[in-house]
Amino acid sequence: MTTSRPLRTFHGRTILIVEDNLDARELWQWTFQSLGAHAIGAGNVELAQTFVLSRRPDLVIVDLALPVESGHDFVQWLRRLLPEQGGRTPCIAVTAYPDVFPRVHARGLDGYMQKPIDIGALCNLVASLLR
């Protein structure tokens, strides 16, 4: 008899996905929702800031290459908030442009992944940060 490990779940957690590529954002939202999270998506920094202040997510996944303001700008804004406003919210950066957004520019981040994203690795990283 074999026993499989239980599927990782994120019940009761809110994950904010800041990604301007609609297909990627919807895929990641669907993935985390199917694992029990309340996943919300934002296509730009301004909307993401509104969600942080109004919904207080447990974790943020942010693309670094966003229109108008970059994901790095968003992370710097997030880290300037007081802890009770969300300033210590775990934050994972993703990028398809590691030459433009290398890890050295990822200060204030709790994780960093290059696209294309391995969704299993992303889920494992999220789980480790939400423990």
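Criteria and thresholds
Residues numbered from 1 in each chain as written. Predicted model: local features only at pLDDT ≥ 70, side-chain atom pairs only at ≥ 80, totals over all residues. Heavy atoms only, no water. Phe/Tyr/Trp six-rings, centres within 6.5 Å; stacked < 30°, edge-to-face > 60°. Helix = DSSP H or I, 4+ residues; strand = E, 2+ residues; numbered from the N terminus. Buried < 20%, exposed > 50% of the residue type's maximum accessible area, 1.4 Å probe, protein only. Polar contact = N/O pair within 3.5 Å; in protein donor to acceptor, adjacent residues only side chain to side chain. Contact = heavy atoms within 4.5 Å. Core = buried A, V, L, I, M, F, W, Y, C linked by side-chain atoms within 4.5 Å. Disulfide = S-S within 2.5 Å.

**As for the packing of aromatic side chains**
Applying the stated criterion across every chain, the model contains 2 aromatic pairs. A centroid spacing of 5.6 Å and a plane angle of 65° characterise the contact between Phe10 and Phe32, whose relative ring orientation is edge-to-face. Here Phe10 is found in the segment before β1 (14–18), whereas its partner Phe32 is found in helix α1 (residues 22–34), with 22 residues between them in sequence. Considered together, Phe10 and Phe32 belong to a single accessibility category, that of buried residues.

**Let's talk about the side chain of Thr89**
With respect to the helices and strands, the residue Thr89 is situated in the loop between α3 (71–80) and β4 (91–95). Among the polar contacts listed, one links the side chain of Thr89 to the backbone oxygen of Gly86, at a separation of 2.7 Å. Apart from residues lying up to four places away in sequence, Thr89 is in contact with Pro57, Asp58, Leu59, Val60, Leu78, Arg79 and Asp110.

**Some thoughts on the nonpolar core**
If you look at the biggest cluster of nonpolar residues, it comprises 22 residues, and the most contacted ones within it are Leu16, Val62 and Phe74. Where this core is concerned, the elements lending two or more residues are β1, β2 (38–42), α2 (45–55), β3 (59–63), α3 and β4. Residue contacts for Leu16: discarding those within four places in its chain leaves Ile40, Ala42, Ala48, Phe51, Val52, Pro57, Leu59, Val60 and Ile61. Ranked by size, the runner-up nonpolar core spans 20 residues in total, among them Ala24, Ala37, Val94 and Val126.

**Quick word on the environment of Asp99**
In this structure, Asp99 sits in the loop between β4 and β5 (111–114). In the structure, Asp99 is positioned 29 residues away from Ser70 in sequence and 15 Å away in space, judged by C-alpha atoms.

**Here we look at the state of the cysteines**
Across all of its chains, the model carries 0 disulfides by this definition. Unpaired in terms of disulfides, Cys91 finds its nearest cysteine sulfur in Cys123, a separation of 17 Å. Overall, Cys91 belongs to the buried group, its relative accessible area being 0%.

**A look at the environment of Leu109**
With respect to the secondary-structure elements, Leu109 resides in the loop between β4 and β5. If we ignore the near neighbours within four places in the chain, the residues touching Leu109 are Val75, Cys91, Ile92 and Ala93.

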